[in-house]
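Take a look at the letters that make up each chain.
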Amino acid sequence: MGVKSILVSPGDYCADKIYEGIHLSLKTAVNCFNFPGSAIDAACDAGVENLLLVGNVGKLVKMAAGIMNTNSYASDGRREIFAAHTAIVGGTSSQVRTVMGCITCDEILALLNNWGLRDRVMASIMGKINEAVARRCNGRLKFGVALFSEEFGLLGATVDTRNVLIKVSQEQYALSLKLK
């Protein structure tokens, strides 16, 4: 059907927050489940020009460490990623240890919020996700990645997310007209 701009998500978790945050429905998303890296590869191979990857922070934060198989049985590192970025932005060793003791990402985000570090930590993480995806697609497509939380909504986005979001929105609208 000539689609060149796609929306990709690991699933519909946080769908309401995603719709509230960027006004896109996950009903038209390609599901990548635990394999965002494979989805990026397939999109590149298929000639996709714009890929917007959106989803829950607990799943996609792993990409900041280059983890592209996000199944918890295959890999994790959520606490370690948040702890490292807490240290990078100037968090104390006590704060880093506290982050390492957390169980959920929302628990970590609540602490970071209370410490006034959440936005800086998320910006640091989004920078690393941007690098990892850029390395993976090697210039073969434009991409955006946005992370969401049920509790906190939109947490962060990569550099070109806004431009890719516009392209994906336009394509979704045009496709919806074709399918009527």
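Relevant structure appears above.
Thresholds applied
Residues numbered from 1 in each chain as written. Predicted model: local features only at pLDDT ≥ 70, side-chain atom pairs only at ≥ 80, totals over all residues. Heavy atoms only, no water. Patch = residues over 30% accessible without salt bridge, like charges linked within 9 Å, V, L, I, M, F, W, Y side chains within 5 Å. Areas by Shrake-Rupley, 256 points an atom, 1.4 Å probe, with all protein chains shown as cover. Salt bridge = Lys/Arg side-chain N within 4 Å of Asp/Glu carboxyl O. Helix = DSSP H or I, 4+ residues; strand = E, 2+ residues; numbered from the N terminus. Buried < 20%, exposed > 50% of the residue type's maximum accessible area, 1.4 Å probe, protein only. Contact = heavy atoms within 4.5 Å. Polar contact = N/O pair within 3.5 Å; in protein donor to acceptor, adjacent residues only side chain to side chain. Pairing = 2+ DSSP bridges. Core = buried A, V, L, I, M, F, W, Y, C linked by side-chain atoms within 4.5 Å. Axes fitted to C-alpha atoms, helices over the stretch in contact; angles between N-to-C directions. Parallel < 35°, antiparallel > 145°, perpendicular 65-115°, else oblique. Left-handed = near helix turned anticlockwise from the far one by under 90°. Nonpolar A, V, L, I, M, F, W, Y, C, P; charged D, E, K, R; others polar.

Q: What am I meant to see in a nonpolar patch on the surface here?
A: A surface patch of nonpolar side chains, about 310 Å² in accessible area, is lined by Met 1, Val 3 and Leu 179. Within the secondary structure, Met 1 sits in the segment before strand 1 (5-9). Overall, Met 1 belongs to the exposed group, its relative accessible area being 65%.

Q: I keep staring at the environment of Glu 150 and nothing clicks. Help me out?
A: With respect to the helices and strands, the residue Glu 150 is situated in the loop between strand 4 (142-149) and strand 5 (153-157). Through-space distance from the C-alpha of Glu 150 to that of Ile 18 is 9.2 Å; in sequence the pair is 132 residues apart. Residues contacting Glu 150, with those up to four places away along its chain left out, are Tyr 13, Cys 14 and Lys 17. Among the polar contacts listed, one links the side chain of Glu 150 to the backbone nitrogen of Cys 14, at a separation of 3.1 Å.

Q: Help me understand the pattern of salt bridges in this model?
A: Under the definition given, this model contains seven salt bridges. Here Lys 62 and Asp 76 are joined by a salt bridge, their closest N and O atoms 4.0 Å apart. Taken together, the residues span a long stretch of sequence, with Lys 62 in the loop between helix 3 (57-60) and helix 4 (78-88) and Asp 76 in the loop between helix 3 and helix 4 at a distance of 14 residues. What makes Lys 62 buried here is its relative accessible area of 1%.

Q: How do you make sense of the pairing of strand 4 when you look at a structure like this?
A: With seven of eight residues buried, strand 4 is to be regarded as a mostly interior element. Examined bridge by bridge, strand 3 (residues 50-56) and strand 4 share seven bridges and lie parallel to one another. Within strand 4, the position partnered with Gly 55 by the bridge is Leu 147. Where strand 4 lies against strand 5, four bridges are found, and the strand directions are antiparallel. Note that in strand 5 the partner of Leu 147 across the bridge is Gly 156. In this antiparallel pair of consecutive strands, strand 4 and strand 5, the connection spans three residues.

Q: Even after reading the chapter, I still don't get the nonpolar core, so can you show me in this structure?
A: As a rule of thumb, soluble globular proteins bury nonpolar side chains together. Counting residues in hydrophobic clusters, the biggest one holds 42 residues, and the most contacted among them are Phe 82, Ile 125, Ile 129 and Leu 147. No other element matches helix 7 (residues 118-137), which puts eight residues into this core. Other than its neighbours up to four places away in sequence, Ile 125 contacts Val 61, Ala 64, Ile 81, Phe 82 and His 85. Of all hydrophobic cores here, the second largest spans 14 residues; its members include Leu 7, Cys 14, Leu 26 and Val 168.

Q: Hey, could you run me through the packing of helix 5 (residues 93-100) against helix 6 (residues 105-115) in this one?
A: In helix packing, the relevant descriptors are the interaxial angle and the interaxial distance, both defined with respect to the helix axes. Two numbers describe how helix 5 lies on helix 6: the axes approach to 10 Å, and their chain directions differ by 160 degrees. As summarised for this structure, helix 5 and helix 6 are arranged roughly antiparallel, according to the angle between their axes. In this structure, helix 5 crosses over helix 6, and the sense of that crossing is right-handed. Packed against helix 5, whose contacting residues are Gln 95, Thr 98 and Val 99, the element helix 6 presents Ile 108, Leu 111 and Trp 115 at the interface. Classifying every residue of the contact of helix 5 with helix 6 by side-chain character gives four nonpolar, two polar and no charged.

By themselves, these observations are geometric and do not establish any function.
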